[in-house]
Each structure stands twice: as C-alpha cells, then as structure tokens.
Amino acid sequence: MEKFALVTGGMGYIGSHTSVALIEAGYQVVVLDNLDNSSEKVLTGIESITGQTPHFAHTDLRDVDAVLEVFNEYPITSVIHTAGLKSVEESVTNPSKYYENNIGSTITLVKAMQTAGVSTLVFSSSATVYSSSSKPPFDENAKTFPTNPYGMSKYIIEQIMADMALADSKWRLGILRYFNPVGAHPSGKIGESPSGVPNNLMPYLMQVAIGKLEKLPIYGDDYETPDGTCIRDYVHVVDLARGHLAALEFLENKNGVHFWNLGTGKGTSVLELVKEVEKVIEKPIPIEMKQRRKGDIPIVFADVAKASSQLSWQAKYSIEKMCADHWKWQKHYSDSRQ
Ligand code: NAD
Ligand code: UD1
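Criteria and thresholds
Residues numbered from 1 in each chain as written. Chains lettered and ligands numbered in written order. Predicted model: local features only at pLDDT ≥ 70, side-chain atom pairs only at ≥ 80, totals over all residues. Heavy atoms only, no water. Pairing = 2+ DSSP bridges. Helix = DSSP H or I, 4+ residues; strand = E, 2+ residues; numbered from the N terminus. Axes fitted to C-alpha atoms, helices over the stretch in contact; angles between N-to-C directions. Contact = heavy atoms within 4.5 Å. Near = heavy atom within 4 Å. Polar contact = N/O pair within 3.5 Å; in protein donor to acceptor, adjacent residues only side chain to side chain. Nonpolar A, V, L, I, M, F, W, Y, C, P; charged D, E, K, R; others polar. Expected span 1.5 Å × (residues − 1). Buried < 20%, exposed > 50% of the residue type's maximum accessible area, 1.4 Å probe, protein only. Core = buried A, V, L, I, M, F, W, Y, C linked by side-chain atoms within 4.5 Å. Phe/Tyr/Trp six-rings, centres within 6.5 Å; stacked < 30°, edge-to-face > 60°. Lys NZ or Arg CZ within 6 Å of the ring centre and 35° of its normal. Parallel < 35°, antiparallel > 145°, perpendicular 65-115°, else oblique. Left-handed = near helix turned anticlockwise from the far one by under 90°. Salt bridge = Lys/Arg side-chain N within 4 Å of Asp/Glu carboxyl O.

A. Seen up close, the sheet that holds strand β4 (residues 78–81). Read from one edge of the open sheet, seven strands run β3-β2-β1-β4-β5-β6-β11, paired in parallel fashion. Strands at the two margins of the open sheet, each flanked by one partner only, are β3 (55–58) and β11 (256–262). Taken pair by pair, the neighbouring strands of this sheet meet at an average axis angle of 20 degrees, ignoring direction. In the packing of helix α6 (residues 149–167) onto the sheet, contacts are made with β5 (120–126), β6 (172–178) and β11, and the angle to β5 comes to roughly 150 degrees.

B. Region of the structure containing the site of ligand 2. The full set close to ligand 2 counts 19 residues, and Leu201, Pro217, Arg232, Arg293 and Asp296 are the nearest of them. Between ligand 2 and Arg293 there is a distance of 2.7 Å, counted from an oxygen atom to a side-chain nitrogen or oxygen. Take Asp296: an N or O atom from its side chain is 2.5 Å from an oxygen atom of ligand 2. Elements supplying a minimum of two residues to the shell around ligand 2: α7 (201–209) and β8 (216–219). Counting residues per element, the shell around ligand 2 draws most heavily on β8, at four residues. For the shell around ligand 2, the per-class residue count stands at 11 nonpolar, five polar and three charged.

C. Examining helix α9 (residues 270–281) more closely. Over its 12 residues, α9 runs 17 Å from end to end, which matches the ideal 16 Å to within 8%, given 1.5 Å per residue. Turning to α9, its buried residues number three or more, namely Val270, Leu271, Leu273, Val274, Glu276, Val277 and Ile281. In the stretch just after α9, Glu282 is the one whose phi turns positive, near 55 degrees.

D. Broad picture of α6. Taking 1.5 Å of rise per residue, 19 residues should cover 27 Å, and α6 covers 26 Å from first to last C-alpha, within 8% of that figure. Turning to α6, its buried residues are Pro149, Tyr150, Gly151, Ser153, Lys154, Ile157, Glu158, Met161, Ala162, Met164 and Ala165. Elements in contact with the buried residues of α6: α4 (88–93), α5 (95–116), β5, β6 and β11.

E. Broad picture of the nonpolar core. Among the nonpolar cores identified, the biggest contains 39 residues, and Leu22 and Trp260 are the most heavily contacted of them. Ranked by the residues each element gives to this core, the list is headed by helix α8 (residues 237–251), at 10 residues. Core analysis: the next-biggest nonpolar cluster, separate from the first, contains 29 residues, Ile76, Phe123, Met164 and Leu173 among them.

F. Region of interest: the packing of aromatic side chains. Counted under the stated rule, the structure contains four aromatic pairs. An aromatic cluster of at least three residues, connected via ring pairs, comprises Tyr130, Phe138 and Phe179. Of note, Lys170 hangs over the ring of Trp171, and the distance from its end group to the ring centre comes to 4.7 Å. Just above the ring of Tyr223 sits the side chain of Arg292; from NZ or CZ to the centre is 4.0 Å.

G. Structural context of the packing of helix α3 (residues 64–73) against α5. Interaxial distance between α3 and α5 falls to 9 Å at its minimum, and their mutual angle equals 40 degrees. Classified by the angle between their axes, α3 and α5 sit oblique to one another. Regarding α3 and α5, the two cross each other, and that crossing is right-handed. Taking contact as the criterion, the partners of Val64, Val67, Leu68 and Phe71 in α3 are, on α5, Thr108, Leu109, Ala112, Met113, Thr115 and Ala116.

H. Summary view of the pattern of salt bridges. Counted by the stated rule, this structure contains 14 salt bridges. With a closest N to O distance of 2.7 Å, Asp60 and Arg62 form a salt bridge. Here Asp60 falls in the partly exposed class, since its relative accessible area comes to 23%. The exposure class assigned to Arg62 is partly exposed, which follows from its relative accessible area of 31%. Close ionic contact of Asp168 with Lys170 constitutes a salt bridge, the shortest N to O distance being 3.2 Å. The class for Asp168 is partly exposed, based on a relative accessible area of 29%. Accessibility expressed as a relative area gives 31% for Lys170, which makes it partly exposed. What emerges from the salt-bridge pattern is a single network uniting Asp60, Arg62 and Glu100.

I. Geometry of the environment of Pro194. On the secondary structure map, Pro194 appears in the loop between β7 (180–182) and α7. On the basis of relative accessible area, Pro194 is assigned to the partly exposed category, the value being 24%. Considering only alpha carbons, one finds Pro194 and Ile299, 105 residues apart in sequence, at a separation of 25 Å. Setting aside residues no more than four positions away along its own chain, Pro194 makes contact with Pro203 and Gln207.

The following block contains the structure:
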C-alpha cells in the first residue's frame, strides 16, 4: 500500500523540512495548514527541492468538518502533527489562545483519525516539558514540569496521547521532544521565517548578521557555566526531519505510546554559538550583555540514547553546518524580500 502522510503545520519550519524528508523517502504528502505562521510560498520551496508539490489543504485544524473532508479526500495512513502555536512569551500573556489552539486542534485531529481509521500519529513536543530541577542531560524519564502555558499545552497533549494508548491498544503514538531546532535545508530554499522580532537565539543572531537588527542581546553572562552564558542542545532541522521518519518506521511494528528526545546530546553556550556564526559570516556580531531572561535554565541538553537504540537515529550535522545552512537560508530569505 502506498504510504500517505498528513503533515499538520506542514508549511511551517519543522513541518516543511519533514515534508521534504517524507517525499524523499517515497511518501505521498498532504500538508494541512491554516497559514497562521507561514506562507503558501513554502510549497514552491518543497517542490524545487523534491520535484514534487505536496497536496495542500488550507484548513484550520480546529474545524472538525474540514479536517474530516481531508481524511475523506486522501488515503492517509499516518499523521505527523506539527501544527501549533509556539511563542512562550505570547502564551504567558494569552494562555487561553494556546490551550484552545494547541489542545483543541489535537482533539479535532484525533477524532478525525478515529473516524477515518488512522492510528499512527507522531507529535511535535518539546524539551520545555522537562523540569528545571532535573539534572542535564535529560533522558525521557526526567521529571517533567512545564513552567509556561505553551509548555503546559505540550505536556497536556502528551498526557492525552498516553491515555489514548491506555484506552485502546490500536494506537501507534510517537512523541518527539525536540531540543533547540536550528539550521535550514542546505539548498537554502526552505527555512524558518519568524514574524516580527525573533525571541529565539539563532534567528535573532541571523538578523543581526544580515544587518536587520543592530546587536544581539545576551541574556545573562553570570550563570554557572564555563563562559557564564546558557548552554543549549542545538539540532539541525534536517536531522530533526529524519527523526520523524525514523519514528514512523518504528511505529509500523509497535503499538502504544513512545517518547523520544531529539537532540545532539551536546551543549553549546550562547557565546560559542555567536563565535560559530562569526566564522560563517566572516565578521564580528555586535553583542550587548543584558540581565538574565526570566524562566531560562542554565544548562539544557539531551540524553539521546533512546532515540539511538530504538530508532537508530542520531543527529549527523555539526554546529558549523547548522550555522552555515541557516545563514544560506537567511540570505535567500532576505534577498527574496528586497
Ligand atoms: P511554525 O510556526 O513554523 O509551524 C507551525 C505551523 O502550524 C504554521 O505553519 C502554522 O500556520 C500552523 N498552524 C498553527 N495552528 C494551526 C491550526 N490551528 N490549524 C492549522 N495549522 C496551524 O513552528 P515550528 O517551529 O515548525 O514548530 C512546529 C511544532 O514543533 C510546533 O508544535 C512547536 O510547538 C513544536 N516545537 C518547535 C520548536 C522550535 O524551536 N521550532 C521546539 C520545540 C517544539
Ligand atoms: C525557548 C523556549 C522553549 C521553546 C524553544 C523553541 C523559553 C524559556 N523557552 O527555548 O520553551 O521550546 O525556545 O525553540 O523561552 N538568548 C539570548 N539572546 C536572545 C535570545 C536568546 O541570549 O536574543 C539566550 C537565551 O537566554 C537562552 C539561549 O539563548 O539562554 C537560547 O534561547 P532560545 O533560542 O530562546 O531557546 P530556549 O530558551 O532554549
């Protein structure tokens, strides 16, 4: 039987790279997206990389009837669920928007899957579900305690999925806890397009590099880390995309709910990342030391042993490659807007 994957949020950063990986692996792909944080132009990017345009449903995942129509129209065999809102800051000021969109859309999706008889689902969760009281590296059994509504919405969806697996053994559910996705497709044709001033480090750094923003604020240089700045586990988005394929393959032979960290297992500090970007762009990045950002944890990196042993998945790309590919996309993206 032909493999037919529905990618919710497939016009977004992670969904678009995952769609490319699926098409390259021989899947037919249907992208479902309401274009809330993306543009239809992404289809052209995917097409120019893979030679195929995915089917596209311009649909809101909370619209039950429209989602059912998508399942009726295509012979979908599995779902990758990346659609969601992802700004921690906005979730703190508007929590109900996050609960309504992220949880509401997941419930609609699951109902439609039940009606259509589709039981394989891979969900985009986040390392943000781990408690700051856990000691890095975080393995999948580390204590969870999300500290903001965005993280809580991910945690609640994980719980819903775990309960579904308990209630009905037909479900094949994969929960991917991403660490810090960065980079872009090496072609420079798809990547991350944050709207407004970015909150996350890499897109901010890139906008300073291109001259759109003046200098990078560094939130704290007095942490207990070798250079005083926070350490994170950056992972190339193309590696992450391959992780979804590996999860789908695993679920072909396994029911139940399964959790995997997707990261490199290596930590990089803010200042180390700045240096890597400086090497790529061959000029200095202006920086400004600021107070610590509320809610930041000093050191976060993944224990990736489970994904390695169960999925035979490991991140391949180095931090240099992440910066080089992100820069290539940033240049392309900026040029296309001039
Ligand atoms: P993104 O904003 O680029 O992509 C998400 C896509 O979902 C967008 O295209 C948006 O238009 C769409 N969408 C949102 N709500 C929708 C709805 N109700 N119906 C249909 N489409 C909808 O984000 P991303 O970086 O690609 O993240 C994908 C997923 O991974 C998100 O769930 C996010 O929470 C999770 N995640 C992201 C990161 C990260 O750093 N990017 C880290 C951990 C987890
Ligand atoms: C953040 C979210 C996390 C989400 C992830 C998505 C918080 C507390 N956490 O993770 O829930 O899943 O984004 O990618 O918001 N930094 C600067 N200057 C900047 C931006 C960031 O110094 O302009 C620092 C931060 O203080 C942090 C590090 O860079 O130490 C990484 O920040 P960021 O890219 O926002 O990721 P996380 O905080 O790890």
